[in-house]
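# An overview of the molecular structure
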Amino acid sequence: MGKLTVRALRAVLIVVFAGTLLVQASMVWTLAGGRNPEDGTLPLTALRLITVLGMVTVQVALYCVGRLVTMVRRGTVFSHAAFRYVDGVIGAITAAALAWFAVTAVNAPGQRDDPGVTLIMGGIGVAVLGVALLVLVLRMLLAQAVARDIEAAQLQAELDEVI
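Described in the following lines is the structure provided in the data block. (Residues numbered from 1 in each chain as written. Predicted model: local features only at pLDDT ≥ 70, side-chain atom pairs only at ≥ 80, totals over all residues. Heavy atoms only, no water.)

### A short note on the environment of V58
Here V58 lies in helix 2 (residues 44-74). With 103 residues separating them along the chain, V58 and E161 place their C-alpha atoms 48 Å apart. (Helix = DSSP H or I, 4+ residues; strand = E, 2+ residues; numbered from the N terminus.)

### Considerations on a positive patch on the surface
A cluster of basic residues, K3, R7, R10, R73 and R74, forms a positive patch on the protein surface. Within the residue set of the positive patch, elements represented by two or more residues are helix 1 (3-31) and helix 2. Here the positive patch gets three residues from one element, more than from any other, and that element is helix 1. If you trace the backbone, R7 turns up in helix 1. Its relative accessible area of 60% is what places R7 among the exposed residues. (Patch = residues over 30% accessible without salt bridge, like charges linked within 9 Å, V, L, I, M, F, W, Y side chains within 5 Å. Areas by Shrake-Rupley, 256 points an atom, 1.4 Å probe, with all protein chains shown as cover. Salt bridge = Lys/Arg side-chain N within 4 Å of Asp/Glu carboxyl O. Lys, Arg positive; Asp, Glu negative; His and termini not counted. Charge placed at Lys NZ, Arg CZ, Asp CG, Glu CD. Buried < 20%, exposed > 50% of the residue type's maximum accessible area, 1.4 Å probe, protein only.)

Pasting the structure below:
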């Protein structure tokens, strides 16, 4: 992975992380009574709390991806240490899907006249879970690569002994 790619990815991660902090701060400020009282159309307090928790899932995923990018740059990604961060990404995506399902459940009573919105929102949650499964498959590929890397190192050591 080139230096420019790593720098660009880190810049994106930092901007997105800052954005999540801004959203969290505005939600906490609003929850503390800063502005926008509920008008009764939606349970805004519940949605704001879910938003704060949802942003935490994004932040965890961003941190884990940042650590993986560092490992790629150093050439240490094919090690057992990488699994911790890949598992963190999987957990964060799964938690984000659960948060989205909570948003869907909170929003559903207001969609009695148009249940299609709730179905679409549920479909989005399933798609997010699909992303978690995709990352799980990539984790399995990483496990195979780590095993092959270890095997190659052992074979190289045996070859060095012979020579």
